[in-house]
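Letter by letter, the chains look like this.
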Amino acid sequence: MKRITLPLAISLLLLAVYGAVKLFKPDLIASSLSKVLLAALLAVFSVALVRAISFVLFDVVFRKRKSREAPALLRVLLNIVLYSVFFLIIYRVALEKELGGFEFVATSTVVSVIIGLALQDTLGNFFAGLSIHVEQPFHILDAIRIESIIGRVEAVTWRTTTVRTNNNTVVIFPNSKVAKETLEVYRLNNLNRHILLVPAPYAIPPQRVISLLRDAVANIANVAREKTPIIRIGNYADSSIVYEVLYWVKDYMWVPDIDAQIRQHMWYIYRRNEIDIPFPVRHVLLEQQEPAIKREGADYDRVIDSVEIFAPLTADEKAAVARSAVKSVYAPGELILRRGDPGDSMFIIYRGNVEVRLPSHDGHAQQVAELKPGSFFGEMALLTGEPRTADVISLSEVETLEIRKGVLQQLLENNAELAEALSHKITERQSRLDEYARAIPEEEKRVKAQTIRRRIQRFFGLD
Ligand code: CMP
């Protein structure tokens, strides 16, 4: 309001001065001094008028209709037009200068042609920029695709639109190009869907591949949790079935990272399940075998030897465990065990670290423990027959030795101490899990250990 009232007050003051001059010194009215006074009066008044028109048009009408701020560029444009009109009026009325009709038309036509030709591109960009400001097809920080370039919008000026690509390069598009091209806009915080294509061999049943790929997408950072990823067959290609992994992402600029993570998880999952990544088959097949991951029995023996609860086992029994264990490698960040799943095997960490996680009351996962090489996990569901009690996630590349139910059963039959040690460990871990809900008294822990032990014996038919 002050922006309008101030020039209005000044123009009233000038009007008073002008009136006084006209009243008391009428002879001065004809002089050029009074013309200048009148021109100044009109000029200041036109400032108030332009600001009032701009206020009504943009701050009242535009805001009411569109429920947002009017673009600055539009305000500037209107100001230029109105001030030009007022300038011509003041020029004619106050200073009594006139451009003759022919002179005016000729001059304005010539000037328009010259300006039009000289500023053809600039004006094109300007008006395209204007339409981008008014329509707002995208906002700052949205990701857009123009031609083959995907980038995050950093700025839109009256001439250009600037985007930053994932290579951290800045691409500047003239607005006329942005207005002409077909744009793909991935709004920030919108659930943008993306499809990653993943090949799998024809020989593996789709249900199995779909379940494995579901595991590969689980727990990947920046995949929107609001929608569950969908895995489906996309195509029967020459040398593989191509699966589509559909996931949603709120910031589209993360897509290349997420795709890379899924592909990495997929490699490990395929390797663990002895699935080859399909490659194009030609008549002449030159295959170079990838070097197998180094697996030396002696190392596995050493890690089995370091597991505390296996202390009562004989050397032969330990060697048998090392031999029969299924060796698997997990990528960093993979969900190895999921809370609530059934489980009939336990794992010994050969290398790498894992974390045991529980969802907390506020919905965020909470770390219960970090386990290192020589530690074991998965024994609780295996020994009690209950579902998995927590999520177990790899923190680095992790190699595990998986001990199946049958192998453990044999060990338990021959070693009462092993059952004892395991039931104590389970009680200890269970108590820690329960601490999240409430503290458990010592007596209750002792009773619980006995119950767990009985449950283990019943589950393995040892009583
Ligand atoms: P299981 O319930 O089969 O699957 C999740 C595993 O997380 C569980 O077995 C234990 O091996 C492990 N776990 C649960 N709670 C703890 C804890 N407090 N400390 C260490 N490991 C745990």
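Our subject is the structure that appears above.
So, here is what we can say about the structure in this document. (Residues numbered from 1 in each chain as written. Predicted model: local features only at pLDDT ≥ 70, side-chain atom pairs only at ≥ 80, totals over all residues. Heavy atoms only, no water.)

## So, unusual backbone geometry
- In the Ramachandran plot, N168 falls in the positive-phi region, its phi being about 65 degrees despite a non-glycine side chain.
- For N168, a relative accessible area of 54% gives the class exposed.
- Positive phi is not limited to glycine here, since N222 has a value of about 75 degrees.
- If you trace the backbone, N222 turns up in the loop between helix 8 (206–217) and strand 7 (230–236).
- By relative accessible area, which is 37% here, N222 ends up partly exposed. (Buried < 20%, exposed > 50% of the residue type's maximum accessible area, 1.4 Å probe, protein only. Helix = DSSP H or I, 4+ residues; strand = E, 2+ residues; numbered from the N terminus.)

## A look at a nonpolar patch on the surface
- A cluster of nonpolar residues, M1, F55, V56, V60 and V61, forms a patch on the protein surface that exposes about 440 Å² of accessible area.
- Along the polypeptide, M1 turns up in the segment before helix 1 (2–24).
- Judged by relative accessible area, which is 65%, M1 ranks as exposed. (Patch = residues over 30% accessible without salt bridge, like charges linked within 9 Å, V, L, I, M, F, W, Y side chains within 5 Å. Areas by Shrake-Rupley, 256 points an atom, 1.4 Å probe, with all protein chains shown as cover. Salt bridge = Lys/Arg side-chain N within 4 Å of Asp/Glu carboxyl O.)

## Thoughts on the pattern of salt bridges
- What the rule picks out here adds up to 21 salt bridges.
- We note a salt bridge from R152 to D251, for which the minimum N-O separation is 2.8 Å. Of this pair, R152 sits in strand 2 (residues 149–156) while D251 is found in the loop between strand 8 (241–249) and helix 9 (255–272), placing the two residues 99 residues apart along the sequence.
- Judged by its relative accessible area of 15%, D251 falls in the buried class.
- Residue R164 pairs with E154 through a salt bridge whose shortest N-O separation is 2.5 Å. Taken together, the residues R164 in strand 3 (residues 160–164) and E154 in strand 2 connect sequence positions 10 residues apart.
- Among the residues examined, R164 registers a relative accessible area of 28% and is labelled partly exposed.

## Overview of the nonpolar core
- Grouped together as the largest cluster of nonpolar side chains are 43 residues, with contacts concentrated most on F310 and F377.
- With 29 residues, the next largest nonpolar core counts A200, I204, L213 and Y243 among its residues. (Core = buried A, V, L, I, M, F, W, Y, C linked by side-chain atoms within 4.5 Å.)

## Observations concerning helix 1
- Its 23 residues give helix 1 an end-to-end C-alpha distance of 33 Å, which sits within 8% of 33 Å, the value for a rise of 1.5 Å per residue.
- Residues of helix 1 that are buried: I4, P7, S11, L14, Y18 and V21. (Expected span 1.5 Å × (residues − 1).)

## What to know about the sheet that holds strand 10 (residues 335–337)
- Taken in spatial order, the 4 strands make up an open sheet running 10-15-12-13, and their pairing is antiparallel. Either end of the sheet is taken by a strand with one partner, and the two such strands are strand 10 and strand 13 (365–371). Within the sheet, the average angular offset between the axes of one strand and its neighbour, ignoring direction, is 35 degrees.
- Here strand 12 (residues 354–359) runs beside strand 13; their pairing, made up of 6 bridges, is antiparallel. (Pairing = 2+ DSSP bridges. Axes fitted to C-alpha atoms, helices over the stretch in contact; angles between N-to-C directions.)

## Things to note about the packing of aromatic side chains
- In this structure the tally under the stated criterion is 5 aromatic pairs.
- For the pair Y186 and Y252, a centre-to-centre distance of 3.7 Å together with 5 degrees between the ring planes defines the contact as stacked. Taken together, the positions of Y186 in strand 5 (residues 183–186) and Y252 in the loop between strand 8 and helix 9 put the pair 66 residues apart, joining distant regions of the chain. For the pair shown, Y186 and Y252 are each scored as buried.
- Between W267 and Y268, the ring centres sit 5.1 Å apart and the planes meet at 80 degrees, which makes this aromatic pair edge-to-face.
- According to the relative accessible area criterion, W267 is partly exposed, its value standing at 28%. (Phe/Tyr/Trp six-rings, centres within 6.5 Å; stacked < 30°, edge-to-face > 60°.)

## As for the site of the ligand
- G378, E379, A381, R388 and T389 are the nearest of the 16 residues found near the ligand.
- In this structure, an oxygen atom belonging to the ligand sits 2.6 Å away from a side-chain N or O atom of E379.
- Note that an oxygen atom of the ligand is positioned 3.2 Å from one of the side-chain N or O atoms of R429.
- Looking at the shell around the ligand, the elements with two or more residues in it are strand 13, helix 12 (379–384) and helix 14 (416–435). (Near = heavy atom within 4 Å. Polar contact = N/O pair within 3.5 Å; in protein donor to acceptor, adjacent residues only side chain to side chain.)

## Structural notes on the packing of helix 13 (residues 405–414) against helix 14
- Across the interface, helix 13 lies against helix 14 with an axial gap of 5 Å and an inter-helix angle of 115 degrees. In terms of axis orientation, helix 13 runs roughly perpendicular to helix 14. In this structure, helix 13 uses L411, L412 and N414 to contact helix 14, whose residues at the interface are A416, L418, A419 and L422.
- Taken together, the residues that form the contact of helix 13 with helix 14 break down as 6 nonpolar, 1 polar and no charged. (Parallel < 35°, antiparallel > 145°, perpendicular 65-115°, else oblique. Contact = heavy atoms within 4.5 Å. Nonpolar A, V, L, I, M, F, W, Y, C, P; charged D, E, K, R; others polar.)

## Some words on helix 14
- For helix 14, spanning 20 residues, the distance from its first C-alpha to its last is 29 Å, which sits close to the expected 28 Å at 1.5 Å a residue.
- Three or more residues of helix 14 are buried, namely L418, A419, L422, S423, I426, T427, R429, Q430, S431, L433 and D434.

## Considering the packing of helix 8 against helix 9
- As a packed pair, helix 8 and helix 9 sit with axes 8 Å apart at the nearest point and diverge in direction by 130 degrees. It follows from the interaxial angle that helix 8 and helix 9 lie oblique. Note on packing geometry: the crossing formed by helix 8 with helix 9 is right-handed. Contacts between helix 8 and helix 9 involve V209, L212, L213, D215, A216 and V217 from the first element and I262, H265, M266, I269 and Y270 from the second.
- Classifying every residue of the contact of helix 8 with helix 9 by side-chain character gives 9 nonpolar, 1 polar and 1 charged. (Left-handed = near helix turned anticlockwise from the far one by under 90°.)

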